[in-house]
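Fold and geometry: a report
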Amino acid sequence: RHMENAGYIGLSYQMALHRQMAVIANNIANANSTAFKAERPLFETVPVRQQGRLYEFVQDNGIVRSLNTGRLLETDNPLDIAINGRGFLTVETPAGARYTRNGALRMSEEGRLVTADGYPVLDDRGQPIILDPTQGKPTIAEDGTISTPLGPVGRLGVVQFENEQRMRKVSTALYATEEEPKPVTDPEIRQGMIEDSNVEPVLEMTEMIEVSRSYQAAQRLIETEHERERKAIERLARIS
């Protein structure tokens, strides 16, 4: 029974490492995705007592994402914006309000300010923002106010949440939550810029190597326990 549990412990560790490797691979794949946030699996040790012995297994307890702001990259596109610091843009989707930091925006055929996926960006009153291309090049102030040479046309609805870790990712940089949004009263909006991914590829590659080595060590542990169990069975067979 002890040998079996040792094998199960090694297997649970391998499953956790497999999960960790998948998350690292996803981080690396999105190292150049606008506003992508690096993620880490959250593991928990689960103690189990059997026949007077205490065993500790590994349990996957969810995902934690880095909330650090990525680098701000210049694009010279007047409809691109980056949020420096906390805050999310509010967008309208068929499934309801969603939130993003991906400020690669454009104008739809109807003149609405929309995301790259075509979702309307909402203002601070929860309404779509309508632009008239004949009114000239829009300017976006640091507080999110959008203006044309004829005057203001709206203000971006920048919001924040008490617990951003609870937000569910529904696409690369689009999130949903049941928490009530709170307006950011003093956002730092940068026009003509977008937020890069906050993934650090060198650190991710280093961690990938460490996880690979740990996985191999766990595999050796399992193989050693299997070999011990095989020899024990052979001895019992000879005695009987």
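This section reports on the structure supplied with the text.

**A word on the overall build of the protein**
Tallying secondary structure elements over the protein gives two helices and 17 strands in all. On C-alpha atoms alone, the protein measures out to a radius of gyration of 25 Å, which is more than a quarter above the 18 Å that the 2.2 N^0.38 rule sets for 240 residues. Judged by the C-alpha coordinates and their principal axes, the protein covers about 95 × 35 × 30 Å. Sorting the 240 residues of the protein into buried and exposed places 39% on the buried side.

**Some words on the environment of Gly87**
Along the polypeptide, Gly87 turns up in the loop between strand E4 (81-83) and strand E5 (88-93). Of the residues examined, Gly87 reaches a relative accessible area of 1% and is grouped as buried. For the pair formed by Gly87 and Arg101, sequence separation is 14 residues and the distance between their alpha carbons is 7.5 Å. In contact with Gly87, other than residues within four places in its own chain, are Arg101, Val158, Val159 and Val184.

**Focus on the sheet that holds strand E11 (residues 151-155)**
Strand order in this open sheet of three strands is E9-E10-E11, and the pairing throughout is antiparallel. At either end of the open sheet lies a strand with only one pairing partner, and these are strand E9 (139-140) and E11. Pairing between strand E10 (residues 145-148) and E11: four bridges, direction antiparallel. Counterpart to Ile146 in the pairing with E11 is Gly154.

**Things to note about the nonpolar core**
The biggest cluster of nonpolar side chains holds 17 residues, and the ones touching the most others in it are Ile81, Leu89, Leu113, Ile146, Leu156, Val158 and Ile189. Counting only elements with at least two residues in this core, the list comes to E4 and E5. One finds Phe88, Tyr99, Val159 and Met167 within the second-largest nonpolar core, a separate group that totals six residues.

**Side note on the environment of Glu164**
Within the secondary structure, Glu164 is located in the loop between strand E12 (158-160) and strand E13 (168-171). Sequence separation between Glu164 and Ala38 is 126 residues; the distance between their C-alpha atoms is 14 Å.

**Description of the pattern of salt bridges**
Within the structure shown, the criterion is met by 14 salt bridges. The salt bridge partner of Lys169 is Glu39, with a shortest N-O separation of 3.0 Å. One end of the pair, Lys169, is in strand E13; the other, Glu39, is in strand E1 (residues 39-50), and 130 residues separate them in sequence. A salt bridge links Arg40 to Glu204; the nearest nitrogen and oxygen atoms lie 2.8 Å apart. One end of the pair, Arg40, is in strand E1; the other, Glu204, is in helix H2 (residues 201-239), with 164 residues separating them in the sequence. Among the ionic contacts, a cluster of salt bridges with common partners joins Lys37, Arg101 and Glu195.

Rules and cut-offs
Residues numbered from 1 in each chain as written. Predicted model: local features only at pLDDT ≥ 70, side-chain atom pairs only at ≥ 80, totals over all residues. Heavy atoms only, no water. Helix = DSSP H or I, 4+ residues; strand = E, 2+ residues; numbered from the N terminus. Rg over C-alpha atoms; globule rule 2.2 N^0.38 Å. Buried < 20%, exposed > 50% of the residue type's maximum accessible area, 1.4 Å probe, protein only. Contact = heavy atoms within 4.5 Å. Pairing = 2+ DSSP bridges. Core = buried A, V, L, I, M, F, W, Y, C linked by side-chain atoms within 4.5 Å. Salt bridge = Lys/Arg side-chain N within 4 Å of Asp/Glu carboxyl O.

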